[in-house]
Amino acid sequence: MTKKLLAEFIGTFWLVLGGCGSAVLAAGVADVGIGWLGVSLAFGLTVLTMAFAVGHISGGHFNPAVSLGLMIAGRFDAKDLIPYWVAQVIGATAAAVVLYIIVSGGAGFSGVGGFASNGYGEASPQGYGLTAALVTEVVMTAMFLIIILGATSAGAPSGFAPIAIGLGLVLIHLISIPVTNTSVNPARSTGVALFADGPALAQLWLFWLAPLAGAALGALIWKVLSPED
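Conventions we followed
Residues numbered from 1 in each chain as written. Predicted model: local features only at pLDDT ≥ 70, side-chain atom pairs only at ≥ 80, totals over all residues. Heavy atoms only, no water. Core = buried A, V, L, I, M, F, W, Y, C linked by side-chain atoms within 4.5 Å. Buried < 20%, exposed > 50% of the residue type's maximum accessible area, 1.4 Å probe, protein only. Helix = DSSP H or I, 4+ residues; strand = E, 2+ residues; numbered from the N terminus. Polar contact = N/O pair within 3.5 Å; in protein donor to acceptor, adjacent residues only side chain to side chain. Contact = heavy atoms within 4.5 Å. UniProt positions renumbered as here; feature names shortened; annotations may be inferred. Salt bridge = Lys/Arg side-chain N within 4 Å of Asp/Glu carboxyl O.

Undergrad: Any chance you could explain the nonpolar core here in plain terms?
TA: Among soluble globular proteins, nonpolar side chains are generally buried collectively. Membership of the largest hydrophobic core comes to 52 residues, with the highest contact counts inside it found for Val-16, Cys-20, Phe-115, Phe-144, Leu-149 and Ile-165. Of all the secondary structure elements, the ones that give two or more residues to this core are α1 (2–26), α2 (35–58), α3 (64–72), α4 (81–104), α5 (130–151), α6 (161–180), α7 (186–193) and α8 (206–225). Take this core: its biggest share by element is eight residues, from α4.

Below you can see the structure in the form of structure tokens.
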């Protein structure tokens, strides 16, 4: 179990550092910034690389919503859920600490701003409200779980699951960054919210509730859809 939790810590650390780090450090640089497309790719690449690197140790969840969905689908032991959640949140927070240290070393530093946090209303990148944010996060997380469960099922091509899952996360970000800055991962939302300026902490409840609900929905849909489950 210690190795599994360490793998979840490292995987979630890399997801937040790579994904949120790309958003904070590289997305908005004039003329050469990577923009939302680059951030979407960065999040997908973090999951793809860590799924190959440590997925065989812990299952490669890196996300409390994924752990819950896998449990509901019968792919994960309920007794391990809370330890996985703790490791994931600590990993995300550690990555946020590292990112804060980097950002605060920049010339003219005066605050981290939104710090790649998730939000709705004034905190949404394009001003989307609570209902839009809720629906987006539930649906995107549900689809993510269907992708994960399908790609790792017995009938799927062997060895390709990390690619499908990573590309699925890229697509999710391409759709939902304008709405909520894309969570689908309560640990990712929590780590950066602890340091962000603005309403990120006050709105964090949504980015636990909606991804967890979406993960449960996706798992239930898969159980109906899949003959093997």
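Undergrad: How should the side chain of Thr-190 be read in this particular structure?
TA: Inspection of the secondary structure assignment puts Thr-190 in helix α7. Judged by its relative accessible area of 10%, Thr-190 is buried. Side-chain polar atoms of Thr-190 contact the side chain of Trp-208, separated by 2.8 Å. Residues contacting Thr-190, with those up to four places away along its chain left out, are Val-89, Leu-204 and Trp-208.

Undergrad: Looking at this structure, I do not really get the UniProt feature "transmembrane region" (unreviewed entry) in the chain. What am I missing?
TA: If you check UniProt for "transmembrane region" (unreviewed entry), the listed places come out as residues 36–60, 81–107, 127–148, 160–180 and 200–222 in our numbering. Annotated as 92% helix and 0% strand, the span residues 36–60 places its first and last C-alpha atoms 25 Å apart. Along residues 81–107 the backbone is 89% helical and 0% strand, and the end-to-end C-alpha distance reaches 42 Å.

Undergrad: Just checking my understanding: could you explain the side chain of Thr-46 for this structure?
TA: By secondary structure assignment, the location of Thr-46 is in helix α2. Taking the relative accessible area as the measure of exposure, Thr-46 reaches 4% and is therefore buried. Dropping the residues within four chain positions of it, Thr-46 is found in contact with Trp-14, Leu-15, Gly-18 and Gly-19.

Undergrad: Could you clarify how one ought to interpret the pattern of salt bridges in this entry?
TA: A side chain of one charge can pair with a side chain of the opposite charge when the charged atoms of the two come close. For the structure shown, the criterion picks out two salt bridges. With a shortest N-O distance of 4.0 Å, Asp-77 and Lys-79 are connected by a salt bridge. Lys-79 sits in the exposed class, given a relative accessible area of 59%. Between Lys-79 and Asp-80 there is a salt bridge, with its nearest N and O atoms 3.2 Å apart. Among the charged side chains, a salt-bridge network with shared partners connects Asp-77, Lys-79 and Asp-80.

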